[in-house]
Amino acid sequence: MPLTGPYRRVGTVVLFVQRNLADLIKAEERLKIRKGELRNDVALDRPLYDSSVPKAHSENITVKAYKLLINAKCFNDRQKRRWLPVVKGQIIYGTNSVREALNADRRQVYKLYFKRNFLLGRREDVRKKLLEEILSVAESKDIRIKELSTDQLDALCGYQLHNGICIDATPLQFEKLDQRDLVSSKSLLFLDNVLDTSNIAAIARTCVFFNLDGIVMSENAGPKTITPAMSRSSSGAIECFPLYKVSDATTLLENAKNLGFVIIGASDEASAAERNVKCAKSLENLDTLDQNQKFILVLGNEHTGISEEVLKFCNYIVFIPKLGSNYSQTLNSLNVSAASAILLYQMRVGLRRRKS
């Protein structure tokens, strides 16, 4: 029989007192456990307070059955929130990477995923227009599109920055540089034992900007495959730009020289002096290239530089002059990706000036 009138108020007070007593009991037991006076599994004179007991009694079931029911419910809720689709290939994430992958058509795309309600309530900003463009391209290519929750998309992309969109696509492989590719190329960049994938990705973006014909690496150095992180770091440049692998770097450089390529190595000024390189020139003094000259720019490892077997094929060694430093006397070189941008800019500007 439900309480009414003054009895209802009395019942409310009793319930309030019971809840506060339960909170006090739990707080006291937590304090004793923290001090080491009471263990979690052993009570002094009674069992530890368990909030599931009154809840189980209110449901007219045993405490054990109630706990099993709660665990099953929590598990189902987590599964619903974190349900992930089966991945056939690899996940490529980020708006620019996805857009370039769709436009380049070098991968087979199985499905496109984007964040649920991403377009709702957003202003006409750049990201919204870019996402609409990507979805339009995917629809024109008959690619299946599915919305996911934020938790699902985060887990699917390995908790990387995905900008609310990703695709499931086949992996992208390195290409083999054959004689025909070498003959048709005018400007290449050779990475001699450059191992960091972030640097390779940044260099690829620089090469796309300066319109080079490809990046070449040795098979026994550098990454074995093109990873989604490389695509993301290059802002999608790797999706449309060729990355070559060769079995023998010396054979490549020898063939390139026979085809009229000029081999230009990059070094810091101190290393060039230590190795007694006679053909070393400062970057602004490199004025021997004409507008039609084919060239290969060689960048070495940041610690060891260009290897001796590659160095002997270089027609020139260029260095970026250091302007001095008030902070460190040991930092004498740039990051290899930053150096590639400066070198390619100077070379392109020089060629353009001589052309005019």
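Source: prediction; values computed, not measured.

Caption draft 1: A look at the overall build of the protein. The helix and strand tally for the protein stands at 14 helices and 12 strands. When contacts within the protein are restricted to residue pairs at least 6 apart in sequence, long-range pairs at least 24 apart make up 81% of them.

Caption draft 2: Geometry of helix α4 (residues 95-104). Here α4 has its buried residues at Thr-95, Ser-97, Val-98, Ala-101 and Leu-102. Contacts from the buried residues of α4 go to β1 (90-93), β2 (109-115), α5 (126-140), β4 (165-169), α9 (228-233) and α10 (237-240).

Caption draft 3: How the structure looks around the side chain of Ser-185. Along the chain, the position of Ser-185 falls in the loop between α7 (179-184) and β6 (187-192). For Ser-185, a relative accessible area of 3% corresponds to the buried category. Those residues in contact with Ser-185, other than ones at most four positions away along the chain, are Asp-213, Phe-261 and Lys-294.

Caption draft 4: How the structure looks around helix α11 (residues 249-258). Here α11 has its buried residues at Ala-249, Thr-250, Leu-252, Leu-253 and Ala-256. With its buried residues spanning 160° around the axis, α11 presents them on a single face.

Caption draft 5: Layout of the packing of aromatic side chains. Tallied over the full model, the rule gives one aromatic pair. Ring geometry for Phe-209 and Phe-210: centres 5.1 Å apart, planes at 85°, overall edge-to-face. What makes Phe-210 buried here is its relative accessible area of 14%. One Lys or Arg, Lys-245, reaches over the ring of Phe-174 and ends 4.8 Å from the middle of that ring.

Caption draft 6: Quick peek at the pairing of strand β7 (residues 215-218). Of the two faces of β7, the one lined by Ile-215 and Met-217 and the one lined by Val-216 and Ser-218 are each fully buried. Considered for its hand, the β-α-β crossover made up of β6, helix α8 (residues 197-209) and β7 is right-handed. Both β7 and strand β8 (residues 243-246) contribute to a ladder of four bridges, which runs parallel. Looking across to β8, one finds that Met-217 is bridged to Lys-245.

Caption draft 7: Region of interest: the confidence of the model for the protein. Confidence in the prediction of the protein, expressed as mean pLDDT, is 78, and 67% of residues score 70 or more. Counting interchain partners and residues more than four positions distant, the pLDDT-below-50 stretch residues 1-18 has two contacts. Of the regions scoring below 50 in pLDDT, residues 41-49 engages in 17 contacts with residues more than four places distant in sequence or in other chains.

Caption draft 8: Just the pattern of salt bridges, in detail. Summed over all chains, the structure comprises five salt bridges. Glu-175 is the partner of Arg-106 in a salt bridge, and the nearest nitrogen-oxygen pair spans 3.0 Å. Note that Arg-106 is positioned in the loop between α4 and β2 and Glu-175 in strand β5 (residues 175-176), a separation of 69 residues in sequence. Its relative accessible area of 31% is what places Glu-175 among the partly exposed residues. In this structure, Arg-107 and Glu-239 form a salt bridge, with 2.8 Å as the shortest nitrogen-oxygen distance. With Arg-107 in the loop between α4 and β2 and Glu-239 in helix α10, this residue pair connects regions lying 132 residues apart in the sequence. Accessibility assignment for this pair places Arg-107 and Glu-239 in one class, buried.

Basis of the calculations
Residues numbered from 1 in each chain as written. Predicted model: local features only at pLDDT ≥ 70, side-chain atom pairs only at ≥ 80, totals over all residues. Heavy atoms only, no water. Helix = DSSP H or I, 4+ residues; strand = E, 2+ residues; numbered from the N terminus. Contact = heavy atoms within 4.5 Å. Buried < 20%, exposed > 50% of the residue type's maximum accessible area, 1.4 Å probe, protein only. Arc of directions from axis to C-beta. Phe/Tyr/Trp six-rings, centres within 6.5 Å; stacked < 30°, edge-to-face > 60°. Lys NZ or Arg CZ within 6 Å of the ring centre and 35° of its normal. Right-handed = clockwise from strand over helix to strand, strands pointing away. Pairing = 2+ DSSP bridges. pLDDT = per-residue confidence, 0-100. Salt bridge = Lys/Arg side-chain N within 4 Å of Asp/Glu carboxyl O.

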